[in-house]
Amino acid sequence: MTISGSGPIWTLDLGDGENRFSPDWLAAVESALDELETATEPAALVTIGGGKFYSNGLDLEWLGAHFDQYAAYVDSVHALYARLLCLPVPTVAAVNGHAFGAGAMLALAHDYRVMRADRGYFCFPEVDIEIPFTTGMNALITSKLSPRTASVAMTTGRRYSGPDAVAAGIADATATLEDLPVAAADLVRDVAGKNRATLGTIKSRLYADALAALRLPEAADTNGADTADAVGAA
């Protein structure tokens, strides 16, 4: 995972594997965001993966081996979503391939999304793998999608191609793989100089309900036990 800047555009390369949310992977993303937030010059963030995946979501293999850490793990995932939701710079997910489950939610936590036009799907497979959404995840999704789109995406496990995602209001644009980084950067380049304190406050108030749900400790989440049981059985 690397983060680099070119003018006002900071690009966070999530990696060229499945980019599942292992604890080390989550810590690396947080560290990259620390670097971005420490800088004071005008900035906007583009995140992108390599190869077949943008992100395949939760690291269920790790979680199955460390199930005693379930609540802390979910809290760290929620914390990343919350941080991106109110990050004080414009953000865009350049979805280079599949974005599934928690990986799709990662893309939703950005301000904008550009998907590859010809390959890759955006999908919430939770209904098919029998893992309920946490309250925080539910709040994130419903804060970003229309009620109709959220209902279809969450209850059917539909796989959205790039053009389908644009039509449903999930993504803002599509591009070829070669043009994806530039298309994503072009969405935010002109707004990279917005005052960080003001932008962060606006986002925090805009997504106040989702942020409150994401910041609720998982042990206090009334749906947490059901989700934990389902993950443990997966």
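Predicted, not measured: the structure shown is a model, and the values here were computed from it. (Residues numbered from 1 in each chain as written. Predicted model: local features only at pLDDT ≥ 70, side-chain atom pairs only at ≥ 80, totals over all residues. Heavy atoms only, no water.)

Participant: I would appreciate a short explanation of the overall build of the chain in the present structure.
Facilitator: Across its full length, the chain holds 12 helices and 10 strands. The principal-axis extents of the C-alpha atoms in the chain amount to approximately 45 × 35 × 30 Å. For the chain, with 234 residues in total, the buried portion stands at 53%. Summing over all exposed atoms, the chain offers an accessible surface of approximately 10,200 Å²; the carbon and sulfur share of this is 52%. Between the centroid of the 16 positive side chains of the chain and the centroid of its 29 negative side chains there is a distance of 8 Å. (Helix = DSSP H or I, 4+ residues; strand = E, 2+ residues; numbered from the N terminus. Buried < 20%, exposed > 50% of the residue type's maximum accessible area, 1.4 Å probe, protein only. Areas by Shrake-Rupley, 256 points an atom, 1.4 Å probe, with all protein chains shown as cover. Lys, Arg positive; Asp, Glu negative; His and termini not counted. Charge placed at Lys NZ, Arg CZ, Asp CG, Glu CD.)

Participant: Hey, could you run me through helix α10 (residues 196–206) in this one?
Facilitator: Turn by turn, an α-helix covers 3.6 residues, leaving residues three or four places apart pointing in a common direction. Taken as a whole, α10 has its buried residues at R196, L199, G200 and K203. All buried residues of α10 project into a common sector of 100 degrees when viewed along the axis, lining one side. In α10, the exposed positions angled more than 90 degrees off the buried face are occupied by A197 and R205. The inward-facing, buried residues of α10 abut α1 (23–38), α3 (70–85), β5 (91–95) and α11 (208–214). The N-capping residue of α10, defined by a side-chain oxygen 3.1 Å from the backbone nitrogen of A197, is N195. (Arc of directions from axis to C-beta. Contact = heavy atoms within 4.5 Å. Polar contact = N/O pair within 3.5 Å; in protein donor to acceptor, adjacent residues only side chain to side chain.)

Participant: What should I look at first to understand the packing of aromatic side chains in this one?
Facilitator: What describes a pair of aromatic rings is the distance from one ring centre to the other and the angle between the planes of the rings. This structure, assessed with the given rule, holds 6 aromatic pairs. Centroid distance F21 to Y81: 6.4 Å. Interplanar angle 65 degrees. Geometry classified as edge-to-face. With F21 in the loop between β2 (9–13) and α1 and Y81 in helix α3, this pair connects stretches of sequence that are 60 residues apart. You'll find F21 and Y81 in the same group, each marked buried. Seen from their ring centres, W62 and Y73 are 5.4 Å apart, and the 35 degrees between their planes marks the pair as tilted. Of the two residues, W62 is situated in helix α2 (residues 60–65) and Y73 in helix α3; the sequence distance between them amounts to 11 residues. Here the two residues W62 and Y73 agree in accessibility, since each one is buried. (Phe/Tyr/Trp six-rings, centres within 6.5 Å; stacked < 30°, edge-to-face > 60°.)

Participant: Sorry, what's going on with the packing of α3 against helix α6 (residues 135–144) here?
Facilitator: Each packed pair of helices is defined by two parameters, the angle between the axes and the distance between the axes. Orientation of α3 relative to α6, taken along the N-to-C sense of each, is 25 degrees, at an axis distance of 10 Å. Relative to α6, the element α3 is oriented roughly parallel. For the pair α3 and α6, the sense of crossing is left-handed. For the pair α3 and α6, the contacting residues are V77, H78, Y81 and L85 in the first and G136, M137, L140 and K144 in the second. For the contact of α3 with α6, the per-class residue count stands at 5 nonpolar, 2 polar and 1 charged. (Axes fitted to C-alpha atoms, helices over the stretch in contact; angles between N-to-C directions. Parallel < 35°, antiparallel > 145°, perpendicular 65-115°, else oblique. Left-handed = near helix turned anticlockwise from the far one by under 90°. Nonpolar A, V, L, I, M, F, W, Y, C, P; charged D, E, K, R; others polar.)

Participant: Explain the sheet that holds strand β9 (residues 159–160) to me, please; I cannot follow it from the model alone.
Facilitator: Each strand in a sheet pairs with its neighbour through backbone hydrogen bonds, running either in the same direction (parallel) or in the opposite one (antiparallel). Strand order in the open sheet formed by 4 strands is β4-β6-β8-β9, and the pairing between neighbours is mixed. The open sheet has two edge strands, β4 (53–55) and β9, and neither has a second partner. In terms of strand pairing, strand β8 (residues 122–123) meets β9 through 2 bridges, oriented antiparallel. Within the sheet, the bridge partner assigned to C123 lies in β9 and is R159. (Pairing = 2+ DSSP bridges.)

Participant: How should the environment of S143 be read in this particular structure?
Facilitator: As for its placement among the helices and strands, S143 is situated in helix α6. A relative accessible area of 30% places S143 in the partly exposed class. Not counting the four nearest positions on each side in its chain, S143 is found in contact with Y207 and A210.

Participant: It is not clear to me how the sheet that holds strand β3 (residues 44–48) should be interpreted in this structure. Could you clarify?
Facilitator: Spatial strand order, β1-β2-β3-β5-β7-β10: 6 strands in an open sheet with mixed pairing. Each end of this open sheet is capped by a strand with a single partner; those strands are β1 (2–6) and β10 (173–175). Strand-to-strand twist across the sheet, computed as the mean angle between neighbouring axes with direction ignored, equals 25 degrees. Summarising the sheet, strand β7 (residues 112–116) and β10 pair through 3 bridges and their orientation is parallel. Of the residues in β10, the one forming a bridge with V114 is A173. Lying on the sheet, helix α9 (residues 180–188) is in contact with β2, β3, β5, β7 and β10; it crosses β7 at an angle near 160 degrees.

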